[in-house]
Amino acid sequence: MREFVIISEDNAQAFRKLIPSGVYTFLLMPDMLAIGAAENNVAIAAAVFRADDEGNAELLSICVDEKYRRQGIGAELMSDAADILTENVDITRFFCRYEDTGKLEAFKAFLDYLEFSVEEDEAVCICTTIGDLKQIGVLQGGGSEKCESFAELTSIQKKRLAEEEMDLTPYLKDGVIDWKMSCTVFEDSTLIGCLVFTYEKDGSLNLSWARNEGDRPENMLLMLRKAVAAVKDYPDERKLYIPLLNAASRRLAEGLLEGHYEKCEQSYRAELYLFEEE
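Note that this is a predicted model, so its numbers are computed, not measured.

Caption draft 1: Main features of the overall build of the chain. Looking only at helices and strands, the chain has 8 helices and 12 strands in total. In terms of overall dimensions, the chain is globule-like: its C-alpha atoms have a radius of gyration of 21 Å, near the 19 Å expected for 278 residues. For the chain, the residues scored as buried account for 42% of the 278 residues in total. Restricting the contact set of the chain to residue pairs at least 6 apart, pairs at least 24 apart contribute 69%. Carbon and sulfur atoms make up 47% of the accessible area of the chain, which totals about 15300 Å². Counting 30 positive and 53 negative side-chain charges, the chain places the averaged centre of each group 7 Å from the other.

Caption draft 2: Structural detail: a negative patch on the surface. Residues Asp-31, Asp-52, Asp-53 and Glu-54 make up a contiguous surface patch of negative charge. With respect to the secondary-structure elements, Glu-54 resides in the loop between strand S3 (42-51) and strand S4 (56-64).

Caption draft 3: Representation of the pairing of strand S11 (residues 239-244). Alternating residues of S11 divide into Leu-240, Ile-242 and Leu-244, all buried, and Lys-239, Tyr-241 and Pro-243, none buried. Bridge count between strand S6 (residues 117-129) and S11: 6 bridges; the pairing is antiparallel. What sits directly across from Ile-126, in S11, is Ile-242. Summarising the sheet, strand S10 (residues 205-212) and S11 pair through 2 bridges and their orientation is parallel. Residue pairing in the sheet places Asn-206 in a bridge with Tyr-241 of S11.

Caption draft 4: Molecular detail of the side chain of Asn-56. Summarising the element assignment, Asn-56 is placed in strand S4. In this structure the side chain of Asn-56 is engaged in a polar contact, spanning 2.8 Å, whose partner is the side chain of Arg-93. What Asn-56 contacts, discounting residues up to four positions off in sequence, is Arg-50, Ala-51, Ile-91, Arg-93 and Phe-95.

Caption draft 5: The sheet that holds S3, seen in detail. Across the sheet, which stays open at both edges, the 12 strands sit in the order S1-S2-S3-S4-S5-S12-S6-S11-S10-S9-S8-S7 with mixed pairing between neighbours. Every interior strand has two partners, whereas the edge strands, strand S1 (2-6) and strand S7 (148-149), have only one. Here strand S5 (residues 93-100) pairs with strand S12 (residues 262-273) via 8 bridges, running antiparallel. Bridging from a neighbouring strand, Cys-96 pairs with Ala-270 of S12. Relative to the sheet, helix H2 (residues 73-88) contacts S1, strand S2 (32-39), S3, S4 and S5, its axis offset from that of S2 by approximately 140 degrees. Each of S7, strand S8 (183-187), strand S9 (190-199) and S10 touches helix H7 (residues 217-230); the most contacted strand, S9, lies at about 40 degrees to it.

Caption draft 6: Just the environment of Asp-80, in detail. Tracing the chain through its elements places Asp-80 in helix H2. Given the relative accessible area of 26%, Asp-80 is considered partly exposed. When the C-alpha positions of Asp-80 and Asp-174 are compared, they lie 29 Å apart, and in sequence the two are 94 residues distant. Setting aside residues up to four positions removed in sequence, Asp-80 forms contacts with Phe-4 and Ile-35.

Caption draft 7: Looking closely at unusual backbone geometry. Despite not being glycine, Arg-70 shows a phi value in the positive range, around 65 degrees. As for its position among the elements, Arg-70 is in the loop between S4 and H2. The exposed category is assigned to Arg-70, whose relative accessible area is 86%. Residues other than glycine seldom take positive phi values, yet Asp-188 does so here, at roughly 50 degrees. With respect to the helices and strands, Asp-188 occurs in the loop between S8 and S9. Overall, the relative accessible area of 72% leaves Asp-188 in the exposed class.

Reading the values: rules and limits
- Residues numbered from 1 in each chain as written.
- Predicted model: local features only at pLDDT ≥ 70, side-chain atom pairs only at ≥ 80, totals over all residues.
- Heavy atoms only, no water.
- Helix = DSSP H or I, 4+ residues; strand = E, 2+ residues; numbered from the N terminus.
- Rg over C-alpha atoms; globule rule 2.2 N^0.38 Å.
- Buried < 20%, exposed > 50% of the residue type's maximum accessible area, 1.4 Å probe, protein only.
- Contact = heavy atoms within 4.5 Å.
- Areas by Shrake-Rupley, 256 points an atom, 1.4 Å probe, with all protein chains shown as cover.
- Lys, Arg positive; Asp, Glu negative; His and termini not counted.
- Charge placed at Lys NZ, Arg CZ, Asp CG, Glu CD.
- Patch = residues over 30% accessible without salt bridge, like charges linked within 9 Å, V, L, I, M, F, W, Y side chains within 5 Å.
- Salt bridge = Lys/Arg side-chain N within 4 Å of Asp/Glu carboxyl O.
- Pairing = 2+ DSSP bridges.
- Polar contact = N/O pair within 3.5 Å; in protein donor to acceptor, adjacent residues only side chain to side chain.
- Axes fitted to C-alpha atoms, helices over the stretch in contact; angles between N-to-C directions.

Here you go:
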């Protein structure tokens with residue numbers, strides 16, 4: 001017997017294998033909706049959405065167990081989510097972003113089937129290495145003593161990571177933060193800058209969070225210097241993936257890392273209006 005359910009704290013673990021770790025970390029946040037399918041009490045599919053206040057629901061992940069594909073389960077998950085979101089959160093549009101890695105033909109066919117419109121997005125992901133970072137002169141300068149690595153934070157400062165708008169509690173609970181490379185800038189006990197680097201099982205690193213309050217670009221440079229100085233003992237070949245979500249971050253990263261990175265993913269944006277425009 002097949003059933004579709006809302007994924008909650010009570011049953012989330014059963015669907016864990018069907019949800020990427022970067023999404024699962026935030027699964028129980030208030031703005032998230034996750035729908036799952038189960039066959040004879042065995043989890044076989046899951047879709048996760050994040051809703052905003054402007055009528056949008058972002059599809060963060062969708063996965064159907066390989067044995068159950070080509071049965072329309074993914075489309076049913078989308079339909080159930082549309083019903084729930086339009087009834088309770090006033091959602092009018094689905095959208096998603098994805099990176100073309102050359103292995104997404106089935107997902108792109110799924111979007112076409114549901115009649116999503118797809119356009120190339122300005123966001124990209126670039127890849128560099130620890131060895132490359134060590135060679136970039138501008139990242140070797142001083143001034144980083146203004147910053148503090150996560151490993152150096154006091155217990156009070158650590159609490160700030162959960163109290164500020166940039167709530168990092170999910171990363172902290174999931175235990176994926178690189179405490180040497182991740183760093184902060186505090187001013188009068190207020191967290192005004194933060195870089196969060198997380199690690200994958202294969203040893204590679206991701207720049208998962210970058211925040212710099214106010215018009216102080218120098219703080220971002222100082223945090224990057226702090227991060228690079230903290231990992232002098234890391235293997236030169238260790239990879240670092242940096243998602244660039246907008247034109248400003250792209251210009252900054254490409255300027256700082258010129259000649260020391262490669263573009264590894266191109267992002268696309270797909271959207272589907274749930275109601276016909278009048």
